[in-house]
Amino acid sequence: MPEHEQALRDEVKVWIERKYSMDFNTYQKTAKTTAIYPATHKILYPALGLAGEAGEVANKVKKLVRDGTSSLPKEWKEQIGSEIGDVLWYCAVLADDLGISLGKIASENEIKLQGRKKRGMISGSGDSR
Ligand SMILES: [Mg+2]
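Residues numbered from 1 in each chain as written. Predicted model: local features only at pLDDT ≥ 70, side-chain atom pairs only at ≥ 80, totals over all residues.

**Observations concerning the overall build of the protein chain**
When its secondary structure is counted, the protein chain shows five helices and zero strands. Start at the N end of the protein chain and walk to the C end: the helices and strands fall as α-α-α-α-α. By principal-axis analysis of the C-alpha atoms, the protein chain measures approximately 55 × 45 × 40 Å. Looking at the protein chain as a whole, 9% of its 129 residues are labelled buried. Here the analysis covers contacts within the protein chain between residues at least 6 apart in sequence; of these, 72% occur between residues at least 24 apart. (Helix = DSSP H or I, 4+ residues; strand = E, 2+ residues; numbered from the N terminus. Buried ≥ 20, exposed ≤ 12 C-beta atoms within 10 Å, placed from the backbone. Contact = placed C-beta atoms within 7 Å.)

Right under this line is the structure:
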């Protein structure tokens, strides 16, 4: 492959990696720009939306369990991924309404889970494991 073609391919690869990766706080900032609901319903609106979208994910997975993949459209994974994206949007907006950065939530959750893993407490139940 000619050197200039490889350089172009490398540049495209970097562009695609950047396009499909985003830090949580950047995502939260962009999510806020599309959050249109009355200020009187902060917290409540995104919390209800989060529950609804989580239900959409669960419903698609339920159909997968019931019918298998044969009766689903070939883009069924992308459809579930899209619903996960809707969940993420509501998480970002709810966190913003609470004054918490999504990056902080992700980081603290990761620390919590790694701590549980170190202590052999991944399985089981309870918030304070
Ligand atoms: Mg949805």
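Once you've had a look at it, read on.
**Quick look at unusual backbone geometry**
Notably, isoleucine 43 is not glycine yet its phi reads approximately 70 degrees, a positive angle. By the secondary structure assignment, isoleucine 43 is in the loop between helix 2 (24–32) and helix 3 (44–67). Residue classification places isoleucine 43 among the exposed positions, given that 12 C-beta atoms sit within 10 Å.

**Examining the environment of aspartate 86**
Turning to its location among the elements, aspartate 86 is positioned in helix 4 (residues 76–97). Sequence spacing of aspartate 86 and histidine 41 is 45 residues, and the spatial spacing of their C-alpha atoms is 19 Å. Beyond its immediate sequence surroundings of up to four residues, aspartate 86 is in contact with Glu53 and Glu56.

**Description of helix 5 (residues 102–118)**
In this model helix 5 runs 24 Å from its N-terminal to its C-terminal C-alpha over 17 residues, within 8% of the 24 Å that 1.5 Å per residue would give. Taking burial as the measure, the 17 residues of helix 5 include one buried ones, a minor fraction of the element. (Expected span 1.5 Å × (residues − 1).)

**Points about the confidence of the model for the protein chain**
Of the residues in the protein chain, 100% reach a pLDDT of 70 or more, and the chain-wide mean stands at 93. Per-element mean pLDDT across the protein chain ranges from 90 in helix 1 (residues 3–19) up to 97 in helix 4. (pLDDT = per-residue confidence, 0-100.)

**A short note on the packing of helix 2 against helix 5**
The geometry of a pair of packed helices is captured by two quantities: the angle between their axes and the separation between those axes. Their axes nearest at 7 Å, the elements helix 2 and helix 5 cross at an angle of 140 degrees. Handedness of the crossing formed by helix 2 with helix 5: right-handed. Contacts between helix 2 and helix 5 involve Phe24, Asn25, Tyr27 and Gln28 on the former and, on the latter, Leu102, Gly103 and Ala106. A class-by-class count of the residues in the contact of helix 2 with helix 5 yields four nonpolar, three polar and no charged. (Axes fitted to C-alpha atoms, helices over the stretch in contact; angles between N-to-C directions. Left-handed = near helix turned anticlockwise from the far one by under 90°. Nonpolar A, V, L, I, M, F, W, Y, C, P; charged D, E, K, R; others polar.)

**Brief notes about the packing of helix 3 against helix 4**
Packing of helix 3 against helix 4 leaves a shortest axis separation of 8 Å and a crossing angle of 165 degrees. It follows from the interaxial angle that helix 3 and helix 4 lie roughly antiparallel. Taken as a pair, helix 3 and helix 4 cross one another with a handedness that is left-handed. Judged by residue contacts, Pro46, Ala47, Gly49, Leu50, Glu53, Ala54, Glu56, Val57, Lys60, Val61 and Leu64 of helix 3 engage Trp76, Gln79, Ile80, Glu83, Ile84, Asp86, Val87, Tyr90, Cys91, Val93, Leu94 and Asp97 from helix 4. (Parallel < 35°, antiparallel > 145°, perpendicular 65-115°, else oblique.)

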